[in-house]
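These are the residues of each chain, in order.
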Amino acid sequence: MSGYRSRGFRPETDFAMDQSAPDILREESIPRNSAAATTLHVCVTCRAGENGDTGPRPGRRLYDALIDAQHRQDHPPSFRIIEVECLSNCDRGCSVALSGPGRWTYVYGDLDRNCVDDVITGAERYAATSDGLVPWRERPTIFRKGVIARIPPSI
Ligand code: FES
């Protein structure tokens, strides 16, 4: 069992917010063709209003759907997809974050499996920029409506 459970436990979510490290990732989701790969972090612990743990959580289902969609593409991925436990946006999950070297970071919420194609499109447009700033009209609607935060690049 991970050490984060001993530092704090939230019975309603079964994880400790902001205390877990992204120690789980799928190597096969990381593109090898880009030295400056951007990253789409997907919260796999989001419940998106669902109760119980009888099956995979909505966040996990979104992550799996994104991985499947990226693998079905007929071109190499321009960003990597990494699962993470909690992006501190639990009330508006499912949640993802886009980040990359020299780029603004964006956190998005209110997502579900129906958003997969738009998330892929938005992440590709983000990856095509040098600074993460995709023109407003080129952002998928789900990114325009679901943006939670944007964080400037570190210097
Ligand atoms: S569980 Fe907190 S953002 Fe997903």
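Treat the numbers as computed from the prediction; the structure is a model and nothing was measured. (Residues numbered from 1 in each chain as written. Predicted model: local features only at pLDDT ≥ 70, side-chain atom pairs only at ≥ 80, totals over all residues.)

(A) Main features of the overall build of the protein. Across its full length, the protein holds 4 helices and 5 strands. For the protein, the sequential pattern of α-helices and β-strands runs α-β-α-β-β-β-α-α-β. For the protein, the residues scored as buried account for 35% of the 155 residues in total. Across the protein, contacts joining residues at least 24 apart in sequence account for 67% of those joining residues at least 6 apart. (Helix = DSSP H or I, 4+ residues; strand = E, 2+ residues; numbered from the N terminus. Buried ≥ 20, exposed ≤ 12 C-beta atoms within 10 Å, placed from the backbone. Contact = placed C-beta atoms within 7 Å.)

(B) Highlighting the nonpolar core. Counting 32 residues, the largest nonpolar core has V42, C43, V96, L111 and A123 as the members making the most contacts within it. Contributing elements (two or more residues each) for this core: strand 1 (38–43), helix 2 (58–72), strand 2 (79–84), strand 3 (96–99), strand 4 (105–108), helix 3 (116–127) and helix 4 (141–146). The element that contributes the greatest number of residues to this core is helix 3, accounting for 5 residues. In this structure, V96 is in contact with L40, H41, V42, C43, Y108, L111 and V119, ignoring residues within four places of it in sequence. (Core = buried A, V, L, I, M, F, W, Y, C linked by C-beta atoms within 7 Å.)

(C) Inspection of the environment of D91 at higher detail. Counting through the fold element by element, D91 comes out in the loop between strand 2 and strand 3. Classification of D91 by C-beta neighbours within 10 Å gives exposed; the count is 11. When the C-alpha positions of D91 and R47 are compared, they lie 9.0 Å apart, and in sequence the two are 44 residues distant.

(D) Molecular detail of the confidence of the model for the protein. Across the protein, the average pLDDT comes to 83, with 77% of residues at or above 70. In this model residues 1–13 is a low-confidence stretch, pLDDT under 50, and it forms 15 contacts with partners more than four residues away in sequence or in other chains. When the criterion is pLDDT under 50, residues 18–28 qualifies, and its contacts beyond four places in sequence or with other chains add up to 15 contacts. (pLDDT = per-residue confidence, 0-100.)

(E) Main features of the packing of helix 2 against helix 3. Contact pair helix 2 / helix 3: the axes reach a minimum separation of 10 Å and the direction vectors enclose 65°. In this structure, helix 2 meets helix 3 at a crossing whose hand is right-handed. Counted together, A65, L66, A69 and Q70 of helix 2 and V116, D117, V119 and I120 of helix 3 form the full contact between these two elements. Of the residues that constitute the contact of helix 2 with helix 3, the class distribution is 6 nonpolar, 1 polar and 1 charged. (Axes fitted to C-alpha atoms, helices over the stretch in contact; angles between N-to-C directions. Left-handed = near helix turned anticlockwise from the far one by under 90°. Nonpolar A, V, L, I, M, F, W, Y, C, P; charged D, E, K, R; others polar.)

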